[in-house]
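Structural characterization, general
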Amino acid sequence: MGFRGRDVISILDFTREDLEELFGLADYFLSNKRSYKLLEDYVVALAFFEPSTRTRLSFETAAKLLGAKVIGFTSEEGTSLAKGETFADTIRMLDGYADLIVVRHKNEGAALYAAEIAEHPVINAGDGKQHHPTQAMLDLFTIWKLFNRVDGLVYAVVGDLRYGRAASSFIYGLTLFEPEKVYLVSPPLLRARPEVVRVLEEKGVKYEEKRSVEEVISEIDVMYVTRVQKERFPDPLEYERVKGSYRITLKLLEKAKDHMKILHPLPRVDEIDPEVDSTRHAAYFTQARFGVPVRMALLSLIVGVKP
Amino acid sequence: MSPERASLTVSKIRDGTVIDHIPAGKALTVLRILSITGKEGLRTAVLMNVESRKLGRKDIIKIENRELSSKEVNAIALVAPTATINIIRNYVVHKKLRVEVPENIVGILRCPNPTCITNRPREPVTPRFKVTSKSPLVLQCVYCGTIIREDEIEKLLTA
Ligand SMILES: [Zn+2]
């Protein structure tokens, strides 16, 4: 289907072929790191209704390296939204100024709603707990770079699978490929939502829900770790009881396959022990660096220009 | 008492609508969907838990001088998928409608997810749902992806 002129709301809007095209171009930008004039005449709006550092800076860097002008804001404070303007009206304003709108919002469905209002393409940079397609793109690109494939590997997605949009999007992204198996590792309270599990079933992906990483550590090729937040637990004692099962330590990694790689959308708090950073398993800093080339590739493909 | 005799206890209407084969106990929900409270002054008969050959028990509603829009018919399908609708003109059945669950539902329901964009106060966005299964009825919010099962639908009606 291609990318040109399209909205990017969910990773499920794309095919494997689309993603492979994206990876190819991201790889080009990765090895040809310089500034371009491809988007010289374009204005990219970064509408971050919810605060963000990593995703916003990565989009901003990507847009600027392509030569685009960047406008935007980073929280509702100080915008007319804080004065009671509707989200719809703010999007209409940005649509009048920009050629492409990147939206992050705390409500699920905000990006789709923005896309229905705006005439220009909208990229979802995170809507509530639902989607974070560009994160999934860079996560899958990382695996593609590290293993030369996404197919045939055993994955464990670990942590908050219920409220974490990066985890949900990563799971959705895997369903576009042919993983050998996907383990969903979470406390019972934070299991993947029914609509996420349903996609795994519809696409015939072999998956299994587990309660601790320990149970699957020796089997997996990729571990995708996300944060388990204390605030999610109505009972703090329950959090204290389970948190150890989701902490990645050197001791746990003794049982891992040599080539096993750990990914994390970052920022992390204490779910990965800092001692793990210097092991051959740690891939999360590499992954974070891929954010810019992947977003450069996405912006170029949507606008329809190639280097 | 046969179903025919049960229905005879209410006189025939001249012009209006007869909604028959409503699952027993759902008549008041159907009235709610139609925004009929009794204050409109429409002559309305509600029969509840009458015998039915097809359903065992059923409810029937007769409303004089009121025909239904297709949006109302679709909404009835969500809570009373077995219902049949007869439009009566001059004492005879002018048109028979069978309710059918549509592919998409626009409005009518609110999304149960409090952080869905459709529940944002003052935001002019209409909830929209995709029907992912008709029997049992399963809906999915187009905006936030939340899955809604048949037994949750009634409490989400906004009508
Ligand atoms: Zn919703």
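Residues numbered from 1 in each chain as written. Chains lettered and ligands numbered in written order. Predicted model: local features only at pLDDT ≥ 70, side-chain atom pairs only at ≥ 80, totals over all residues. Heavy atoms only, no water.

1. Observations regarding the overall build of chain B
The condition that has to hold: The way it works is that DSSP assigns letters per residue, a run of H or I at least four long becomes a helix, a run of E at least two long becomes a strand, and they are numbered from the N terminus. Our radius of gyration looks at C-alpha atoms and nothing else; its globule reference is 2.2 Å times the residue count to the power 0.38. Only protein chains enter the area calculation, which uses a 1.4 Å probe; residues under 20% of their type maximum are buried, those over 50% are exposed, and those in between are partly exposed.
Each helix and strand in chain B was counted, giving 4 helices and 9 strands. Moving toward the C terminus, one meets the helices and strands of chain B in the order α-β-α-β-β-α-β-β-β-β-β-β-α. Taking 2.2 N^0.38 as the reference for a compact globule, 159 residues should give roughly 15 Å; the C-alpha atoms of chain B span a radius of gyration of 17 Å, in line with that estimate. Counting only C-alpha atoms, chain B reaches 50 × 30 × 25 Å along its principal axes. Counting over 159 residues, chain B shows a buried share of 47%.

2. Overview of the pairing of strand β8 (residues 137–141) of chain B
All names here are of chain B. What counts is decided by this rule: Pairing between two strands is assigned when DSSP locates at least 2 bridges connecting them.
Here β8 lies mainly inside the structure; 5 of its 5 residues are buried. Counted along the chain from strand β7 (residues 128–134) to the antiparallel partner β8, the turn is 2 residues long. Connecting β8 to the next strand, strand β9 (residues 147–149), in antiparallel fashion are 5 residues, including G145 with a positive phi near 80°.

3. A few points about the interface of chain A and chain B
Filter applied, for reference: Contacts between residues were defined by any pair of non-hydrogen atoms, one from each residue, lying within 4.5 Å. Once two parts are joined, some of their accessible surface, as seen by a 1.4 Å probe, is lost; buried area is that loss totalled over both. Definition used for salt bridges: Asp or Glu carboxyl oxygen within 4 Å of a side-chain nitrogen of Lys or Arg. Identification of polar contacts relies on pairs of N or O atoms within 3.5 Å, with a donor-acceptor requirement for protein atoms, meaning one able to donate a hydrogen and the other able to accept it, and with residues adjacent in sequence counted only if both atoms are side-chain atoms.
Chain A puts 20 residues into the contact, and the matching count from chain B is 19 residues. Taking both partners together, chain A and chain B bury about 1500 Å²; carbon and sulfur atoms supply 44% of that area. Summed over the shared surface of chain A and chain B, the result is 1 salt bridge. With its nearest N and O atoms 3.0 Å apart, the salt bridge here joins R128 of chain B to E116 of chain A. If you look at where chain A meets chain B, you find 17 residue pairs in polar contact (both at pLDDT 80 or more). Only α3 (87–97), α4 (110–117) and α7 (194–202) of chain A provide two or more residues apiece to the side of chain A that touches chain B. Per-element accounting of the side of chain A that touches chain B gives the leading share, 4 residues, to α4 of chain A.

4. Overview of unusual backbone geometry
Peptide bonds are, in most cases, trans, and in most cases residues other than glycine have a negative phi. Each neighbour pair has its own omega, and for L266 of chain A with P267 of chain A the value is 0°, a cis peptide bond. Topologically, P267 of chain A is positioned in the loop between β9 (261–263) and α10 (284–289). That bond from S135 of chain B to P136 of chain B is cis: its omega, -5°, falls within 30 degrees of zero. With respect to the helices, strands and loops of the structure, P136 of chain B is situated in the loop between β7 and β8. Despite not being glycine, H21 of chain B has its phi angle at roughly 55°, a positive value. Among the secondary structure elements, H21 of chain B is positioned in strand β1 (residues 16–23). Its relative accessible area of 16% is what places H21 of chain B among the buried residues. Backbone geometry places N49 of chain B, a non-glycine residue, at a positive phi of 55°.

5. A short note on the packing of aromatic side chains
Here is the rule: The rule is short: rings of Phe, Tyr and Trp, with Trp giving its six-membered ring, pair when the centres are within 6.5 Å, and they are stacked under 30 degrees, edge-to-face over 60, tilted in between.
For the coordinates displayed, the defined rule picks out 15 aromatic pairs over all chains. Between Y28 of chain A and F29 of chain A, the aromatic rings sit 5.9 Å apart at their centres with planes inclined by 75°, giving edge-to-face as the arrangement. For Y28 of chain A, a relative accessible area of 31% corresponds to the partly exposed category. A relative accessible area of 2% places F29 of chain A in the buried class. Between the aromatic rings of Y113 of chain A and Y143 of chain B, the centroid separation amounts to 6.4 Å while the plane-to-plane angle is 80°, which identifies the pairing as edge-to-face. With Y113 of chain A in helix α4 and Y143 of chain B in the loop between β8 and β9, this residue pair bridges two chains. Members of the aromatic cluster, each reached through a chain of ring pairs, are F49, F73, F87 and Y113 of chain A together with Y143 of chain B.

6. Quick notes on the domain arrangement of chain B
All names here are of chain B. What counts here: An automatic or database domain assignment is the source of the domain bounds shown. Residues are grouped as follows: Ala, Val, Leu, Ile, Met, Phe, Trp, Tyr, Cys and Pro are nonpolar; Asp, Glu, Lys and Arg are charged; every other residue, Gly included, is polar.
According to the domain assignment, chain B consists of domain 1 (16–98) and domain 2 (104–156). Here the C-alpha centre of domain 2 lies 24 Å away from the C-alpha centre of domain 1. Contacts between the two partners involve 7 residues from domain 1 and, on the opposite side, 7 residues from domain 2. Around 630 Å² of area is buried between domain 1 and domain 2 when both sides are counted, 67% of it from carbon and sulfur atoms. Counting across the domain 1 and domain 2 interface gives 1 salt bridge. At the boundary of domain 1 with domain 2, the tally comes to 3 residue pairs in polar contact (both at pLDDT 80 or more). Put simply, the parts of the chain that give the side of domain 1 that touches domain 2 at least two residues each are α2 (27–33) and α3 (70–79). Considering every element that reaches the side of domain 1 that touches domain 2, the biggest residue donor is α3, with 4 residues. A per-class count over the side of domain 1 that touches domain 2 returns 3 nonpolar, 1 polar and 3 charged.

7. Looking at the nonpolar core
Selection criterion: Within this scheme, the nonpolar core is defined by two criteria: the residues are buried Ala, Val, Leu, Ile, Met, Phe, Trp, Tyr or Cys, and they are joined through side-chain atoms within 4.5 Å.
One finds L19, L22, L39, V102, I123, M137 and I143 of chain A to be the most contacted residues of the largest nonpolar core, which totals 69 residues. Per-element accounting of this core gives the leading share, 9 residues, to helix α11 (residues 291–303) of chain A. In terms of domain composition, this core takes at least three residues from each of domain 1 (11–131 + 289–303) and domain 2 (133–288) of chain A. If near-sequence neighbours (up to four positions away) are discounted, L39 of chain A is found in contact with V44, L66, G67, A68, L299, S300, V303 and V305 of chain A. With 62 residues, the next largest nonpolar core counts A27, A75, V99 and I148 of chain B among its residues.

8. Observations regarding the environment of P187 of chain A
Residues and elements named next belong to chain A. Inspection of the secondary structure puts P187 in the loop between β6 (181–185) and α7. Residue P187 is classed as buried on the basis of its relative accessible area, which comes to 1%. A C-alpha to C-alpha distance of 7.5 Å links P187 and G159, two positions 28 residues apart in sequence. In contact with P187, not counting residues within four places along its chain, are G159, F233, V242 and Y246.

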